[in-house]
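What follows is each chain in one-letter form.
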Amino acid sequence: MLKNSMDYGSCNLVIQRGCPIEETLMSLGGKWKGIIINTLYDEAYFYNALHREVSGISRKILTEQLNDLIALQIVKREETNDYPKKVRYSLTQRGKSVYPLINELAQVLKMN
C-alpha cells in the first residue's frame, strides 16, 4: 500500500532535499504501476478488461495498485449506472501529464 510520507528522522539538509524525490520514486515504484499507467494512457478500461490486459496481475494487487494511483490523483475511477454496476478507470489530467515524464525517465535510464 501507498505510504503517505517517509520518515527519515533527524537528517541533514542533503537528505531532506532528496526526500521528495525518494517519495516520488517510491509512490510510482513497484512492478505494476508503470504498466497500469501505460495501459490507461490511450484509453479507459473497465476493471475486468484492465485485468485481462495486464496479464499476470492478481485482482487483489490490481485493486491495491489502482487505489494507490487514485490516491495520487493519477487514475480516475468512475462507476456506471448500469446494472450490474461497472467501474471504468482512466488517467486523470495529472496522469496524462506525468506519463511523458515517466517515459522520458525510463528512456534516460534504459540499460543497453
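Higher on the page you've got the structure.
Below is a summary of the structure that appears in this document. Quantities reported herein were computed from a predicted structural model and do not represent experimental measurements.

About the criteria used
- Residue numbers run consecutively from 1 along every chain, following the written order of its sequence.
- Note on the predicted model: pLDDT of at least 70 is required for a residue's local features to be given, and 80 or more for side-chain atom pairs to be given and counted; whole-chain, interface and lining totals, by contrast, use all residues.
- To get the side-chain values, take all heavy atoms of the structure and skip hydrogens and water.
- Think of it this way: any DSSP run of H or I at least four residues long counts as a helix, any run of E at least two long counts as a strand, and we number them from the N terminus.
- The classification of residues rests on relative accessible area computed with a 1.4 Å probe and restricted to protein chains. Under 20% of the type maximum is buried, over 50% is exposed, and intermediate values are partly exposed.
- In plain words, nonpolar cores are sets of buried Ala, Val, Leu, Ile, Met, Phe, Trp, Tyr and Cys residues tied together by side-chain atoms within 4.5 Å.
- Working rule for contacts: check all heavy atoms of both residues, and any pair within 4.5 Å makes them a contact.
- Two strands form a pair only when DSSP identifies at least two bridges running between them.
- A pair of Phe, Tyr and Trp rings is counted when the ring centres sit within 6.5 Å of each other, with Trp represented by its six-membered ring. The angle between the planes then sorts it: under 30 degrees is stacked, over 60 is edge-to-face, the rest tilted.
- Either the NZ atom of lysine or the CZ atom of arginine qualifies as a charge over a ring when it sits within 6 Å of the ring centre and within 35 degrees of the ring normal.
- Between N-to-C directions, angles span 0 to 180 degrees; the directions come from axes that are lines fitted to C-alpha atoms, helices contributing only their stretch in contact.

Concerning unusual backbone geometry
In step 1: The linkage connecting Tyr83 with the following residue, Pro84, adopts the cis geometry, with an omega of -5 degrees.
In step 2: The phi torsion at Gln73 lies on the positive side, around 60 degrees, for a residue other than glycine.
In step 3: Looking at the element boundaries, Gln73 is found in the loop between α4 (59-71) and β2 (75-79).
In step 4: The partly exposed category is assigned to Gln73, whose relative accessible area is 49%.

Re the nonpolar core
In step 1: Ile36, Leu40, Leu66 and Val75 are the most contacted members of the largest nonpolar core, which totals 19 residues.
In step 2: Leaving out residues up to four positions away in the same chain, Ile36 has contacts with Ile57, Leu62, Gln65, Leu66 and Leu69.

Considerations on the pairing of strand β3 (residues 87-91)
In step 1: By the criterion of burial, β3 is predominantly enclosed, with 4 of the 5 residues buried.
In step 2: As defined by bridge partners, strand β1 (residues 45-46) adjoins β3 across 2 bridges and the pair is classed as antiparallel. Bridged to Tyr45 within β3 is Tyr89.

Quick look at the packing of aromatic side chains
In step 1: Enumeration over the complete set of coordinates arrives at 2 aromatic pairs.
In step 2: Pairing Tyr41 with Tyr99 gives two aromatic rings, centres 4.0 Å apart and planes at 20 degrees, and the pair type is stacked. With Tyr41 in helix α2 (residues 33-42) and Tyr99 in helix α5 (residues 93-109), this residue pair connects regions lying 58 residues apart in the sequence.
In step 3: In this structure, Lys86 packs its charged tip against the face of Phe46, placed 5.4 Å from the ring centre.
In step 4: A cation sits over an aromatic face here: Lys96 above Tyr41, 4.9 Å from the ring centre.

Regarding the sheet that holds β3
In step 1: Sheet architecture is open: 3 strands sit in the order β1-β3-β2, paired in antiparallel fashion. What marks the edges here is a single partner per strand, and that holds for β1 and β2.
In step 2: Packing against the sheet, α2 makes contact with β1, β2 and β3, and its axis sits at approximately 95 degrees to β3.

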